[in-house]
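Here is how the chains run, residue by residue.
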Amino acid sequence: MTEIIRIENVSKKFGDVTALENVDLSMEKGKIYGIVGRNGSGKTVLFKLITGFLKPTKGRVTVCGKEIGKDIDFADNIGIIIENPGFLKGYTGFKNLTYLAGIRNVIGKEEIRESMKKVGLDPDSRKKVGKYSLGMKQRLGIAQAIMENPEILILDEPMNSLDKQGVEEVREILMGLRDDGKTIILASHNKEDIEILCDEVYEMDQGKFYFDNSDQK
């Protein structure tokens, strides 16, 4: 398999606080990786280092063969949900995604429509995002993450606020994306999500990584 993400001896400090310590990790194309850990264990810091939103205090992060902070400032082939997706409440879901797609301008309205349909949202709905349920907002966040057809998806608790049917639908979407060769990094507190979806699982605790082979497929 082709390596797509390489994290080499990476540490991240905020003042005297160590958020990540000496992390080494390699991720391959076409796999789903589960990251589990309590709040504050370092998951979000790791995700932001991979995307380029943060730079490591020590070590190297390489995405698709390019080192973050040296070859590129931000990884541009990643779809991401970190923390709560932020949308303009006074606009429809389609309008929100159209606005966000205009930042890079690499897709058109048809790709936006398809991404919304894939997660079970109606692109023609006139409902404003401010009237969306929590589950609908989560679906819209996933649509945003996949609409530009990225090679890598980083999803922090993507099943939050979804009902049972929504969870099953999103699981099918993610497994389909893996079959298409996408690399997915998934943080979830739901053990069932991790067991069903993930090819490899890592546990984070106080900024350190531990390989959990009990869920390895």
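Before reading on, note that the structure itself is shown above.
Residues numbered from 1 in each chain as written. Predicted model: local features only at pLDDT ≥ 70, side-chain atom pairs only at ≥ 80, totals over all residues. Heavy atoms only, no water.

K.L.:
What am I meant to see in the sheet that holds strand S4 (residues 58–63) here?
P.N.:
Strand pairing in a sheet takes place through backbone hydrogen bonds and is either antiparallel or parallel in direction. The strand order across the open sheet built from four strands is S2-S1-S4-S5, with neighbouring strands paired in antiparallel fashion. Pairing within the sheet leaves two strands with one partner each, and these edge strands are strand S2 (17–28) and strand S5 (66–67). In this sheet, S5 lies alongside S4 in antiparallel orientation, the contact comprising two bridges. The partner of Thr62 across the bridge, within S5, is Glu67. Those strands touched by helix H1 (residues 43–51) are strand S1 (3–14), S2 and S4, and its axis lies near 120 degrees from that of S1. (Pairing = 2+ DSSP bridges. Helix = DSSP H or I, 4+ residues; strand = E, 2+ residues; numbered from the N terminus. Contact = heavy atoms within 4.5 Å. Axes fitted to C-alpha atoms, helices over the stretch in contact; angles between N-to-C directions.)

K.L.:
Is there a simple way to explain the packing of helix H3 (residues 109–118) against helix H4 (residues 134–146) in this structure?
P.N.:
The description of two packed helices rests on the angle between their axes and on the distance between the axes. Their axes nearest at 8 Å, the elements H3 and H4 cross at an angle of 135 degrees. Taken together, the axes of H3 and H4 are oblique relative to one another. As for how H3 packs across H4, the hand of that crossing is right-handed. Two secondary-structure elements touch here, H3 through Ser115, Met116 and Lys118 and H4 through Leu140, Ala143 and Ile146. Taken together, the residues of the contact of H3 with H4 break down into four nonpolar, one polar and one charged. (Parallel < 35°, antiparallel > 145°, perpendicular 65-115°, else oblique. Left-handed = near helix turned anticlockwise from the far one by under 90°. Nonpolar A, V, L, I, M, F, W, Y, C, P; charged D, E, K, R; others polar.)

K.L.:
Any chance you could explain the packing of aromatic side chains here in plain terms?
P.N.:
The description of two aromatic rings rests on the distance between their centres and on the angle between their planes. The tally for this structure, following the rule as stated, stands at one aromatic pair. Considering the side-chain rings of Phe53 and Phe74, the 6.1 Å spacing of their centres and the 55 degrees angle between planes classify their relative orientation as tilted. Of this pair, Phe53 sits in the loop between H1 and S4 while Phe74 sits in the loop between S5 and strand S6 (78–81); the two residues are 21 residues apart in sequence, bridging distant segments of the chain. The cationic tip of Lys55 hangs over the ring face of Phe74; the distance from NZ or CZ to the ring centre is 5.1 Å. (Phe/Tyr/Trp six-rings, centres within 6.5 Å; stacked < 30°, edge-to-face > 60°. Lys NZ or Arg CZ within 6 Å of the ring centre and 35° of its normal.)

K.L.:
Help me out: how do you make sense of the nonpolar core in this one?
P.N.:
Side chains that are nonpolar tend, in soluble globular proteins, to be buried together. In terms of nonpolar packing, the biggest core is built from 35 residues, with Leu97, Met116, Leu140, Leu155 and Leu174 touching the most fellow members. Residue assignment for this core shows that the elements contributing at least two residues are strand S3 (32–36), helix H2 (93–104), H3, H4, strand S7 (152–156), helix H5 (164–179), strand S8 (183–187) and helix H6 (191–197). What Leu140 contacts, discounting residues up to four positions off in sequence, is Phe87, Gly93, Leu97, Met116, Leu121, Val129 and Tyr132. Judged by nonpolar contacts, the second largest core, of 31 residues, contains Val23, Tyr33, Val61 and Ile152. (Core = buried A, V, L, I, M, F, W, Y, C linked by side-chain atoms within 4.5 Å. Buried < 20%, exposed > 50% of the residue type's maximum accessible area, 1.4 Å probe, protein only.)

K.L.:
I'm lost on unusual backbone geometry in this one. Help?
P.N.:
Across the chain, the bulk of peptide bonds are trans and the bulk of non-glycine residues have phi less than zero. One non-glycine residue, Asn22, adopts positive backbone phi at about 50 degrees. If you trace the backbone, Asn22 turns up in strand S2. For Asn22, a relative accessible area of 38% gives the class partly exposed. Of note, the phi angle at Asn149 is positive, near 55 degrees, even though the residue is not glycine. Looking at the element boundaries, Asn149 is found in the loop between H4 and S7. Judged by its relative accessible area of 52%, Asn149 is exposed.

K.L.:
Would you mind showing me how to read the pairing of S8 here?
P.N.:
Remember that side chains alternate between the two faces of the sheet whenever the strand is regular. Of all five residues in S8, five are buried; the element is thus mostly enclosed. Burial along S8 is two-sided: the residues Thr183, Ile185 and Ala187 and Ile184 and Leu186 are all buried. As judged from the five bridges shared by S7 and S8, these two strands associate in the parallel manner. Within the sheet, the bridge partner assigned to Leu155 lies in S8 and is Leu186. Note on the crossover from S7 through H5 to S8: the handedness is right-handed. (Right-handed = clockwise from strand over helix to strand, strands pointing away.)

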